[in-house]
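Next come the chains, spelled out residue by residue.
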Amino acid sequence: MKESDSEREMISIGRSVVRPDVPDKLLGRAIYAADAMRQGMLHVATARSSVAGMKNIQIDISAAQNMPGVQRVITAKDIPGNKYVPLIVSDMPFLASEQIRFYGEPVALVVARTRQEAKSAARAVQVTGEMFDPVLTVEDSAGPDSYVIYEGDYEKNIFKKYHIQRGSPDEFWPESHVVIEREYRTPHQEHAYLETQGMIAELDENGEVQVMGSMQCPFYVQDAVASILGLAKAKVTVIQMVTGGGFGGKEDVSSVVAGHAALAAALTDSPVSLIYDREEDFIAMSKRHPSVIKIKIGANREGLLTAAEIYITLDGGAYSTLSPVVLWRSTVHAAGPYRWQALRIKSRVVATNTAPNGAFRGFGEPQSVFALESAIDELADQLNIDPLTFREKNVIASSSDITATGQTTVNPSILEALEKVAEKIEWKDKFTGAYTGVVRHDIEPIRGLGCSVSFYGVGLGAEGKKLDRAGAFVQVESDASVRVFIGNTEIGQGARGVMAQIASETLAAPLEYIHIHRADTSRVPDSGPTVASRTTIMSGNAVMNACQTIRQSLETSAAMVLNCAIDNIKTDQRGYYDAANPSTAVSFHEVVSVATAQRQQMSSSGWYVAPDTSFDSAGAGQGNAYSTYVWSANIVEIEIDPGTLQVKALKIASAHDIGRAINPREVCGQIEGGVLQGLGFALTEKVAYSGLTPSIQSVPDGIMLNPGFSGYICPTAMDIPEIFPIILETPYEHGPYGARGIGEPPLIGVAPAVANAVSNALGIRIRELPLCPEQILNELIKQGRL
Amino acid sequence: MKTDSIMTMTCEINGSESVFHIHPGDRLLDVLRHAGFISVKEGCGDGNCGACIILLDGRPVNSCLVPAARVEGCAITTVEGIGTPDNPHPLQESYADHGAVQCGFCTPGSILSSYALLRDNPHPTENEIKRALDGNACRCTGYVKKLAAVRGARGCFAADGANRRKGE
Ligand code: FES
Ligand code: FES
């Protein structure tokens, strides 16, 4: 008889231990891409377009070729393999050769002796051609005269569309007591990971290529490198180095960086280093998709939701990259965790002449949740119901309630999450009506409370299920140290630590015996990307799977030592013991020695495939979209300065049901970091482009105006509210030790909670992010309250 | 590069004297990194992130903004100089124990800002800690655990006589 996890004391799971990657980082010894040196290493810089739109381009590299230190200048015609980055639809060239579709698009690579020489020569590459008026907004994109950036399966400039229909909303409008129709907008958000993109590439004497660097998805990178060089994937090894943050920004676009580095290494037959500077990282790398979302929702006299109609438009930028799947997540979550009697969701992602937008923590969902959770508050306001009570009445609360795609879920726990955050912030005592008077600089700061709920499908879901599997390899050495290889990456979120805890628990090995290797495509089969909060479930289950095989060997040997039946073997901190005689235990180390001497199998690969999911994309968009969901609730308390109209967050309570916290302190770290990125999205972060923002006239349209930390404002230590992370643990039956994942959910609900708090404070509704003082000022002026 | 513009610069790094052959325009950040002090990171190159912070005569400065030629005769401290694997600084231990490290790219700069704070002000207030870390951008942690780590290390210089500032 095996005891259940909840009955026995765990060895490593649930403990807030220090992560294995931390000591090196603290001592300054961790090696990131820019720190790597190779004998004879050359440096690569990318020559980029200085305009956003140009056709029939000519690239003149002659001046650059003659600059000091330059070894080679590379353009698209030098690419031996595929000229397009392999992604969902391969429309993005590694190097532009016919058209420029966004400001900062790569046109050539310069290889030189030093980085500075490469950078100077890259600036000397000349691009000429016919300029066209770049398309900068989603409205322009569809216009009859707009430039054709993309042509595919749909109308001009549309990358992808989705449609979900359940019942007929039109039947519900007449009988609804209140119906509102609103439009919401969100801007670009920059990842601002602290380490810029960077790769090292080299060839060996067998013609094999090795690429190392900063990345989230080594298997995407392997694909890209094999593709650009026209090599078999078996000849391409990709190794992730210590990575200074990703947040989605090193998911797809690192493939471009790696492809460029590998190309330069192959053509110069030298090891090369390609490190981005901050400005080009801002200009050319992916961002969160801007959105325009129209919502019509209604409720009956009892305050129950009736129907929803939601139209989502995302701005995909110049190439499709990951836009189709970002759109899908946005669409599937757009109606929120609510009980709707009928709904229709239509969505599309369109092309503009801006840098391609891609993955960013939340992956399309923060946009649709901002819109819906703002609208839910507006509806509650019209019904004159407390917004928290309104949510309590309407959220998915039982296993028979269904999501937008008609899916039932196991143990939805939003109500519990809401209760916890409400208690923490004392909603019932503090929630009062808005200040509706004149806002003068000499009045007291004005406070407000706002809440939001959300749910988050963990993993790739039905539209990404081809990739939703993971491998691992575990080997117990004769000294009882354990090496573990996984296919997902440590990007700062703590994956290595979580995997070590899982391996330690499953093998009953002391945590310090476990060594998690860096991700290496030659050691583990394609495990899909490190995204979608999927690593704990996917790699975790694969590691458990491998460890369980080895554990059988260990149990066999332990039973021999203890002279008992294998079925009687149990484990705890001490090691292996006989359940009938628990006082004597043999240590992991001892059991390993015996098992090794007995020639037992002490290594194993592991494999895990996510439970099946479905989505009827050709029909009504129904199905079991994801195999499990994280349920979340947030409450924020803000204060508005009556003089500057600046919004300051004072307190945020953020609750998430993650199944099981493998390392609770690190889970809190994920929540705190996600909340602050969400707060930046809510209050200060916005990318400005010429042509959309008042700017100097001589600048052509579509130039990014704030490519750096002085113009793009992320929250600092001075801006943080008191953050209360709250962990709920309703175990997930298929999760390792019941765990789900936590990377993305904490960011998602922050911005609407802040917008709702601003409305609660001042009685004004801002429907466009960021919630900056100018917007509040304009609203107050409109209402004559200044 | 014009070889005739090479000059010599001498300074003290983590307690040992070092001589560099530099160009007048070289950034201190690059000189230190080339000399192997890779804990000094470049996050922006324009003084806005603090990843390149070092202590220059004990004061935290952004080394991306300092011409190497300006530090002739100065004493420089990097993270390599304040703790080793066998003997980490109490502040580094506090960062580990509080879970204040995620991707780690901001960590060396942040440790040095905290170090300078606690050395000069062994028991800073919450606001003083926030102010001291205001120049160290961190996109991962939300700062909460970093502030807790500094709070948790308060008094670490006072407790260690060798590190104590003169006159305290
Ligand atoms: S690199 Fe010096 S402040 Fe950012
Ligand atoms: S830990 Fe990643 S930037 Fe601070």
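Cut-off values and rules
Residues numbered from 1 in each chain as written. Chains lettered and ligands numbered in written order. Predicted model: local features only at pLDDT ≥ 70, side-chain atom pairs only at ≥ 80, totals over all residues. Heavy atoms only, no water. Contact = heavy atoms within 4.5 Å. Buried area = accessible area lost by both parts, 1.4 Å probe. Salt bridge = Lys/Arg side-chain N within 4 Å of Asp/Glu carboxyl O. Polar contact = N/O pair within 3.5 Å; in protein donor to acceptor, adjacent residues only side chain to side chain. Helix = DSSP H or I, 4+ residues; strand = E, 2+ residues; numbered from the N terminus. Buried < 20%, exposed > 50% of the residue type's maximum accessible area, 1.4 Å probe, protein only. Pairing = 2+ DSSP bridges. Axes fitted to C-alpha atoms, helices over the stretch in contact; angles between N-to-C directions. Core = buried A, V, L, I, M, F, W, Y, C linked by side-chain atoms within 4.5 Å. pLDDT = per-residue confidence, 0-100.

K.L.:
Would you mind going over the interface of chain B and chain A in detail, with residue names and values included?
P.N.:
If you look at the interface, chain B gives 45 residues, while chain A gives 53 residues. Both sides together, the interface formed by chain B and chain A hides about 3800 Å², and carbon and sulfur atoms give 60% of it. Considering only the surface of chain B that becomes buried against chain A, B:Gln102, B:Cys103 and B:Arg139 emerge as the three largest contributors, covering 21% of it. Between chain B and chain A we count 4 salt bridges in total. B:Lys41 is paired through a salt bridge with A:Asp35; the nearest N and O atoms lie 2.6 Å apart. Our count for the contact surface shared by chain B and chain A stands at 21 residue pairs in polar contact (both at pLDDT 80 or more). Elements represented by at least two residues in the side of chain B that touches chain A include exactly helix H2 (90-97), helix H3 (107-120), helix H4 (126-133) and helix H5 (144-152) of chain B.

K.L.:
So what about the environment of A:Leu203? Which residues, and what values?
P.N.:
Residue and element names in this part refer to chain A. Among the structural elements, Leu203 can be located in strand E8 (residues 198-203). Residue classification places Leu203 among the partly exposed positions, given a relative accessible area of 32%. Sequence separation between Leu203 and Val236 is 33 residues; the distance between their C-alpha atoms is 9.4 Å. Look past the residues within four positions of Leu203 in its chain and what remains in contact with it is Glu208, Val209, Ala265 and Ala266.

K.L.:
Outline the sheet that holds strand E7 (residues 178-186) of chain A, listing residues and values.
P.N.:
Residue and element names in this part refer to chain A. Pairing within the open sheet is mixed, and its 5 strands lie in the order E6-E14-E13-E12-E7. Looking along the sheet, the strands with just one partner apiece sit at the ends: strand E6 (158-166) and E7. The average angle at which neighbouring strand axes cross in this sheet is 5°, direction not considered. Of the strand pairs in this sheet, E7 and strand E12 (residues 291-299) are connected by 9 bridges, and their pairing is antiparallel. Considered in E12, the bridge of Val179 is made with Gly298. Along the sheet, helix H8 (residues 323-332) makes contact with E6, strand E13 (305-317) and strand E14 (342-351), crossing E6 at roughly 20°.

K.L.:
Tell me what's going on with the nonpolar core, and back it up with residues and numbers.
P.N.:
The nonpolar side chains of a soluble globular protein tend to be buried, and buried together. Within the largest apolar cluster, 263 residues are counted, with the highest numbers of intra-cluster contacts made by A:Val211, A:Trp340, A:Leu554, A:Phe588, A:Ile638, A:Val754 and B:Tyr95. In terms of residues, this core owes the most to one element, helix H14 (residues 535-562) of chain A, which gives 12 residues. Judged by nonpolar contacts, the second largest core, of 21 residues, contains A:Val70, A:Ala96, A:Ala118 and A:Ala124.

K.L.:
Help me get a handle on the sheet that holds strand E19 (residues 569-572) of chain A, residues and values and all.
P.N.:
Pairing between sheet strands relies on hydrogen bonds along the backbone, with the strands arranged either parallel or antiparallel. Residues and elements named next belong to chain A. Within the open sheet, the 3 strands sit side by side as E19-E20-E21. Their pairing is antiparallel. Whereas interior strands pair on both sides, the edge strands pair on one side only; in this sheet they are E19 and strand E21 (581-586). For this sheet the average axis-to-axis angle between neighbouring strands, irrespective of direction, equals 40°. Two strands pair when backbone bridges link them, and strand E20 (residues 575-578) and E21 are joined in this way by 3 bridges, in the antiparallel orientation. Within E21, the position partnered with Tyr576 by the bridge is Val586.

K.L.:
Quick one: what's the story with the confidence of the model for chain B, residue by residue and with numbers?
P.N.:
Residues and elements named next belong to chain B. Across chain B, the average pLDDT comes to 92, with 92% of residues at 70 or higher. In the predicted structure, residues 161-168 sits below a pLDDT of 50 and forms 9 contacts with residues beyond four places in sequence or in another chain. Here the prediction assigns the complex a pTM of 0.97, and the interface score ipTM is 0.97.

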